[in-house]
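# A closer look at the structure
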Amino acid sequence: MKRKVLAMLMSATMVLSMSAMAFAEEAETEAATEAATEAAAEEEAPAEDGDALVEAEGVETKVALITMDQMDVHWVRLQEAAEARVAAYNEAGNTIEMTWMAPETKDNAQQIQKIESAVADGVNYIIIACNDATSCNAALQEALDAGIKIIYVDAPASLEASATFATDNYAGGVQAGEYLKACLDEAGITEGTIGIVDAQAGVESCQQRYDGFASVFEGSSFELGERQYSDGDNAKAQELANTLIANGVVALYGTNDGATNGAAAAVADAAANGTEVLCVGWDKSDSNIAHVEGGELLAFMAQNPDVMGEMAVDAVVQLEIGEDLGGESVDTGVSTVDASNVADFK
């Protein structure tokens, strides 16, 4: 009997012990999971210098933001992000005055005038997206000689600056070309002419996007048509694309938002009349998102103008507090947006 009771007691003890161990292991697992979740959250949260710099106080400076034009959604997004960043710094006890001084349209002479106006206004910094690599150099050199620091966004000139935050447009052009080539292969199209709907002649970023795209089709059975310049205007781009489609192109490539929007609209009209043409292009906008959803635009290359704007303002503050950026150049990235992921970009 004693042995039976002893066995029962030992059995109960083992059950309790195992339960305690299981509870301890579960608690340990939950703690580890919680710790891992917190660590992951910390990794996902931005930890860039700009976040810390929002706490900076006493910075007083004047900034001119000069983009290529005022009408492109890309520049509006960059400007809005920069303004929001400035507001965050000012709420933290700084005094940063920023003025958007963009030309109405992409024009070298107008952009030079904006640089000269910024110098005359006594700004300390010029954040600029240059139309091409050389046209603004003389005006920018005068700004440097006046003690103004230059920060490039999206499209740099060949003149050295304090920092550059931009898209690698050539690599993005290659990305667009490879995507279209894969779509042509899938559609069983092995030759033909690809129509090019461009923005303005001489715009360096569009030139690089064209060059990267063209490199993909070198040595292939596809021919790139003569570049058609739309001035970034949707309606003009659509008219040009209509003509290209009537001339028998198998695909279209748009080098900026307006060019792509117009080209996709022309593709939609052609499809309604029984003509199928493939189309890829550039830049995130509500119109281009709608075109991807509608199927007339296979994909667009989405830049990150908001990142450019934020990082440029961060750079101003870093320079103001004495940091040496060493002329750093940061690739702000390109994403291919198509039907599989367009919902993530709304």
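Structure report, in brief. (Residues numbered from 1 in each chain as written. Predicted model: local features only at pLDDT ≥ 70, side-chain atom pairs only at ≥ 80, totals over all residues. Heavy atoms only, no water.)

Core analysis: the biggest nonpolar cluster contains 32 residues, and V63, I96, M98, I127, I151, V153 and F165 have the highest contact counts within it. Of all the secondary structure elements, the ones that give two or more residues to this core are β1 (60-66), α3 (73-91), β2 (95-100), β3 (125-128), β4 (149-153), β5 (163-166) and α11 (305-320). With 8 residues, α11 is the largest single contributor of residues to this core. Leaving out residues up to four positions away in the same chain, V153 has contacts with L78, I127, I128, A129, F165, M308 and A312. (Core = buried A, V, L, I, M, F, W, Y, C linked by side-chain atoms within 4.5 Å. Buried < 20%, exposed > 50% of the residue type's maximum accessible area, 1.4 Å probe, protein only. Helix = DSSP H or I, 4+ residues; strand = E, 2+ residues; numbered from the N terminus. Contact = heavy atoms within 4.5 Å.)

Let us now look at the side chain of D154. Along the chain, the position of D154 falls in the loop between β4 and β5. In terms of polar contacts, D154 uses its side chain to reach the side chain of H74, at 3.2 Å. The residues contacting D154, other than those within four sequence positions of it, are M68, H74, W75, A129, F165, A166, T167, N169, S205, R209, Q303 and M308. (Polar contact = N/O pair within 3.5 Å; in protein donor to acceptor, adjacent residues only side chain to side chain.)

It is worth spelling out the packing of helix α8 (residues 234-246) against helix α9 (residues 257-272) at this point. The angle between the axes and the distance between the axes are what describe a pair of packed helices. Between α8 and α9, the least distance of the axes is 7 Å, while the angle of their chain directions is 45 degrees. As judged from the angle between their axes, α8 and α9 are oblique. Crossing angle aside, the handedness with which α8 passes α9 is right-handed. Contact with α8, carried on its side by N234, A237, Q238, A241, N242 and I245, involves G258, A259, N261, G262, A263, A265, A266, V267, D269 and A270 of α9 and no other residues of that element. Along the lines of polarity and charge, the residues of the contact of α8 with α9 split into 9 nonpolar, 6 polar and 1 charged. (Axes fitted to C-alpha atoms, helices over the stretch in contact; angles between N-to-C directions. Parallel < 35°, antiparallel > 145°, perpendicular 65-115°, else oblique. Left-handed = near helix turned anticlockwise from the far one by under 90°. Nonpolar A, V, L, I, M, F, W, Y, C, P; charged D, E, K, R; others polar.)

All right, on to the sheet that holds β5 then. If you trace the 6 strands from one edge of the open sheet to the other, you get β2-β1-β3-β4-β5-β12, paired in parallel fashion. At either end of the open sheet lies a strand with only one pairing partner, and these are β2 and β12 (328-331). For this sheet the average axis-to-axis angle between neighbouring strands, irrespective of direction, equals 15 degrees. Set on the sheet, helix α5 (residues 137-145) makes contact with β3 and β4; between it and β4 the angle comes to about 140 degrees. Contacts from α11 reach β1, β2, β3, β4, β5 and β12, with the element oriented near 160 degrees to β4. (Pairing = 2+ DSSP bridges.)

Here we come to the pairing of β3. Burial of β3 is two-sided: the residues Y125 and I127 facing one way and the residues I126 and I128 facing the other way are all buried. Across 4 bridges, the pairing between β1 and β3 is parallel. Along β3, the bridge assignment pairs A64 with I126. Sheet analysis places β3 next to β4, joined by 4 bridges and oriented parallel.

Further remarks concern the pattern of salt bridges. Per the stated rule, a full pass over the model turns up 8 salt bridges. D72 serves as the salt-bridge partner of K106, at 3.9 Å between the closest nitrogen and oxygen. On the criterion of sequence distance, the pair formed by K106 in the loop between β2 and α4 (108-120) and D72 in the loop between β1 and α3 is long-range, its members being 34 residues apart. With a relative accessible area of 11%, K106 lands in the buried category. For the salt bridge of R227 with D198, the shortest nitrogen-to-oxygen distance reads 2.7 Å. Placement of R227 in the loop between β7 (222-224) and β8 (228-229) and of D198 in strand β6 (residues 192-198) is noted, with a sequence separation of 29 residues between them. Here R227 and D198 have matching classes, each one buried. Bridged by salt links that share partners, the residues D69, D72 and K106 form one connected network. (Salt bridge = Lys/Arg side-chain N within 4 Å of Asp/Glu carboxyl O.)

Taking 1.5 Å of rise per residue, 14 residues should cover 20 Å, and helix α7 (residues 204-217) covers 21 Å from first to last C-alpha, within 8% of that figure. Buried within α7 we find S205, C206, R209, Y210, G212, F213, A214, V216 and F217. In the segment just after α7, G219 is the residue with positive phi, at about 80 degrees. (Expected span 1.5 Å × (residues − 1).)

The next point concerns α5. Taken residue by residue, α5 has N137, A139, L140 and A143 as its buried positions. Each buried residue of α5 sits inside an arc of 160 degrees when the element is viewed along its axis, so together they form one side. In α5, the exposed positions that point more than 90 degrees away from the buried face belong to A138, E142 and D145. Buried residues in α5 make contact with α4, β3 and β4. (Arc of directions from axis to C-beta.)

Bringing the packing of aromatic side chains into the picture now. For the structure on display, the rule yields 3 aromatic pairs. Ring centres of F213 and F217 lie 5.2 Å apart, and the angle between their planes is 45 degrees; on these two criteria the pair is classed as tilted. Of this pair, F213 and F217 both sit in helix α7, separated by 4 residues, roughly a single helical turn. Taking 3.8 Å as the distance between ring centres and 5 degrees as the angle between the ring planes, the aromatic pair formed by F213 and Y253 counts as stacked. Of this pair, F213 sits in helix α7 while Y253 sits in strand β9 (residues 251-254), and the two are 40 residues apart along the sequence. (Phe/Tyr/Trp six-rings, centres within 6.5 Å; stacked < 30°, edge-to-face > 60°.)

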